[in-house]
Amino acid sequence: MSIAITTQFICFTVLSLVVIIGALGVVLLESIVYSAFLLGGVFMSVAGLYLLLNASFVAAAQVLVYVGAVNVLIIFAIMLVNKKEDLKPINDIKSRRIISTLICLTLLSLLIRVDLTNVWNVASPQNSIGEESTIRIGEHLFSDYLLPFEVASVLLLMAMIGAIVLARRDVMSRDISTGLPVDQELIEKSSEPLLTNKN
Amino acid sequence: MMSLESIPIQAFLIVSSVLFCIGIWGLLNSRNAVRVLMSIELMLNAVNINLMTFSSYIDNNLIQGQVFTIFVITVAAAEAAVGLAILLSLYRNRVTVDMESFNLLKW
């Protein structure tokens, strides 16, 4: 712990406020594009919280993977499916909202009660590994966590192949049901223009 | 009351609890499928904050929580890729991202 304690408190307060207000904005804002960019801010603030917890490597991984990959992927998906549409109204949306909010508040009070009442067996900060955590993570990954590490690489390969298989178009020369030749135009091109009715 | 030599562990845990509940609320109440995926990412981040907090406060020599967080980040990246591919495929078939219209498996 090299930073002064007051600075730590100020950083923690600011980062927590950004995380919580940003997360509220992600779920509450009307525009999905604003939500996506706020999500990037939330990820960056979570990386800042990791830095406060003496974990520089995980903070860097968080910025690289979440902000650099996941958030960009979400923004790409928004741009691919961003058609303004009038959602069909649901008749019992009010009661649904109330019930889900009650469930969330109950869960929140339960979690906070556990957080506050449980006696945490906090270790002394003397034997903290501190700045050498990157070395320790490397030791873990190549000794006792070697099997999960390798399985994670297989998982990433499977996710990559699965994403390609799911997202590509099946190009067939003939329609299966009618036998007529299908037009090979892009579906988005042949259907009505997507972004004409934006406001 | 609390010793002020460092940030209390409860502060981090409360932040992660609030973030998790916001994620669940978004998951239950969003009608846009992309927002559902974003809520899942919020929940995964809340879990990661929890793991990192316990790793830093309770297991600060053998930091196994940080290794777990690395694995969770890996799985979250794979989940985001596959989830968005499913979303694109759904959008191509239904021409909508409204969660209420995805009721093919409803009984």
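Keep in mind that this is a model prediction, so the values were computed, not measured.

**Section: the overall build of chain B**
Scanning chain B for helices and strands turns up three helices and zero strands. When the helices and strands of chain B are listed from N to C terminus, the series reads α-α-α. Computed over its C-alpha atoms, the radius of gyration of chain B comes to 18 Å, more than 25% above the 13 Å expected for a compact globule of 107 residues. Viewed in the frame of its principal axes, chain B has a C-alpha envelope of about 55 × 30 × 20 Å. Within chain B, the fraction of its 107 residues that count as buried is 50%. Taking as baseline every contact in chain B between residues at least 6 positions apart, the subset at least 24 positions apart corresponds to 51%.

**A closer look at the overall build of chain A**
Within chain A, the secondary structure is distributed over seven helices and zero strands. Counted from the first residue to the last, chain A has its helices and strands arranged as α-α-α-α-α-α-α. Burial statistics for chain A: of 199 residues in total, 21% are counted as buried. A separation threshold of at least 6 residues defines the contact pool for chain A, and within that pool the share at least 24 residues apart is 49%.

**Let's talk about unusual backbone geometry**
Residues and elements named next belong to chain A. Here N54, not a glycine, exhibits a phi torsion of approximately 65°, which is positive. Counting through the fold element by element, N54 comes out in the loop between α2 (32–52) and α3 (56–81). N54 sits in the buried class, given 23 other C-beta atoms within 10 Å.

**Section: helix α2 (residues 33–57) of chain B**
Across its 25 residues, α2(B) extends 37 Å between first and last C-alpha, which sits within 8% of the 36 Å expected from 1.5 Å per residue. For α2(B), a buried count of 21 out of 25 residues is recorded, marking the element as mostly surrounded by other parts of the structure.

**Topic: the interface of chain B and chain A**
Contacts between chain B and chain A engage 68 residues on the former and 75 residues on the latter. Per-element tally for the side of chain B that touches chain A: the top contributor is helix α3 (residues 64–94) of chain B, with 23 residues. Here the side of chain B that touches chain A is composed, by residue class, of 42 nonpolar, 19 polar and seven charged.

**Topic: the nonpolar core**
Of all hydrophobic cores here, the largest spans 63 residues; its most connected members are A:V42, A:Y50, A:I74, B:L19, B:V34 and B:L42. Taken together, the elements giving at least two residues each to this core come down to α1 (5–28), α2, α3 and α6 (146–167) of chain A together with α1 (9–29), α2 and α3 of chain B. In this view, B:L42 contacts A:A23, A:V26, A:V42, B:L19, B:I22, B:G23 and B:G26; residues no more than four positions away in its chain are not counted.

**Some remarks on the packing of α2(B) against α3(B)**
Residue and element names in this part refer to chain B. The geometry of α2 relative to α3 is characterised by a closest axis approach of 9 Å and an angle of 175° between their N-to-C directions. Overall, the two elements α2 and α3 adopt an arrangement that is roughly antiparallel. Here α2 contributes A33, V34, L37, E41, L44, V47, N48, L51, M52, F54 and S55 to the contact with α3, which in turn contributes Q64, G65, Q66, F68, T69, V72, A76, A80, G83, L84 and L87. The residue inventory of the contact of α2 with α3, partitioned by class, reads 14 nonpolar, seven polar and one charged.

**Some points on the packing of α1(A) against α2(A)**
Residues and elements named next belong to chain A. Axis separation between α1 and α2 bottoms out at 8 Å; the angle between their running directions is 155°. Here α2 runs roughly antiparallel to α1, going by the angle between their axes. Viewed along their axes, α1 and α2 form a crossing whose handedness is left-handed. The residues of α2 that touch α1, namely those facing Q8, C11, F12, L15, V18, V19, G22, A23, G25 and V26, are S35, L38, L39, G41, V42, S45, V46, G48, L49 and L52.

**Focus on the confidence of the model for chain B**
Residues and elements named next belong to chain B. On average, chain B scores 88 in pLDDT, and the residues at 70 or more come to 95%. α3 is the least confidently modelled element of chain B, averaging 91 in pLDDT, while α1 averages 95, the highest of any element. If you check the scores for this complex, the pTM reads 0.86 and the ipTM reads 0.91.

**Looking at α6(A)**
Spanning 22 residues, α6(A) covers 32 Å between terminal C-alpha atoms, matching the ideal 32 Å at 1.5 Å per step. Counting buried positions over the 22 residues of α6(A) gives two, only a small fraction of the element.

Basis of the calculations
In this numbering scheme, every chain counts its residues from 1 along its sequence in written order. Labels are handed out in written order, letters beginning with A for the chains and numbers beginning with 1 for the ligands. Residues qualify for local features only when their pLDDT is at least 70, as the model is predicted, and side-chain atom pairs are given and counted only at 80 or more; totals for whole chains, interfaces and linings, by contrast, use all residues. A run of H or I in DSSP counts as a helix once it spans at least four residues, and a run of E counts as a strand once it spans at least two, with each numbered from the N terminus. In this description the radius of gyration comes from C-alpha coordinates, and the expected globular size is given by 2.2 Å times residues to the power 0.38. Each residue is classed by its C-beta neighbour count within 10 Å, where at least 20 other C-beta atoms makes it buried, 12 or fewer makes it exposed, and intermediate counts make it partly exposed; the C-beta atoms are placed from backbone geometry. Think of it this way: build a C-beta for each residue from its backbone, and any pair within 7 Å is a contact. Expected helix span is given by 1.5 Å per residue-to-residue step, counting one fewer step than there are residues. Residue polarity follows a fixed list, in which Ala, Val, Leu, Ile, Met, Phe, Trp, Tyr, Cys and Pro are nonpolar, Asp, Glu, Lys and Arg are charged, and the others, Gly among them, are polar. Any set of buried Ala, Val, Leu, Ile, Met, Phe, Trp, Tyr and Cys residues joined through C-beta atoms within 7 Å is what this text calls a nonpolar core. Fitted lines through C-alpha atoms serve as axes, helices being fitted only where they are in contact, and the angles separating the N-to-C directions of these axes extend from 0 to 180 degrees. Oblique is the label for any angle not under 35 degrees, not over 145, and not in the 65 to 115 range, which are roughly parallel, roughly antiparallel and roughly perpendicular in turn. When the near helix sits turned anticlockwise from the far one by under a right angle, the crossing is termed left-handed; a clockwise turn instead gives a right-handed crossing. pLDDT gives the predictor's per-residue confidence on a scale running from 0 to 100.

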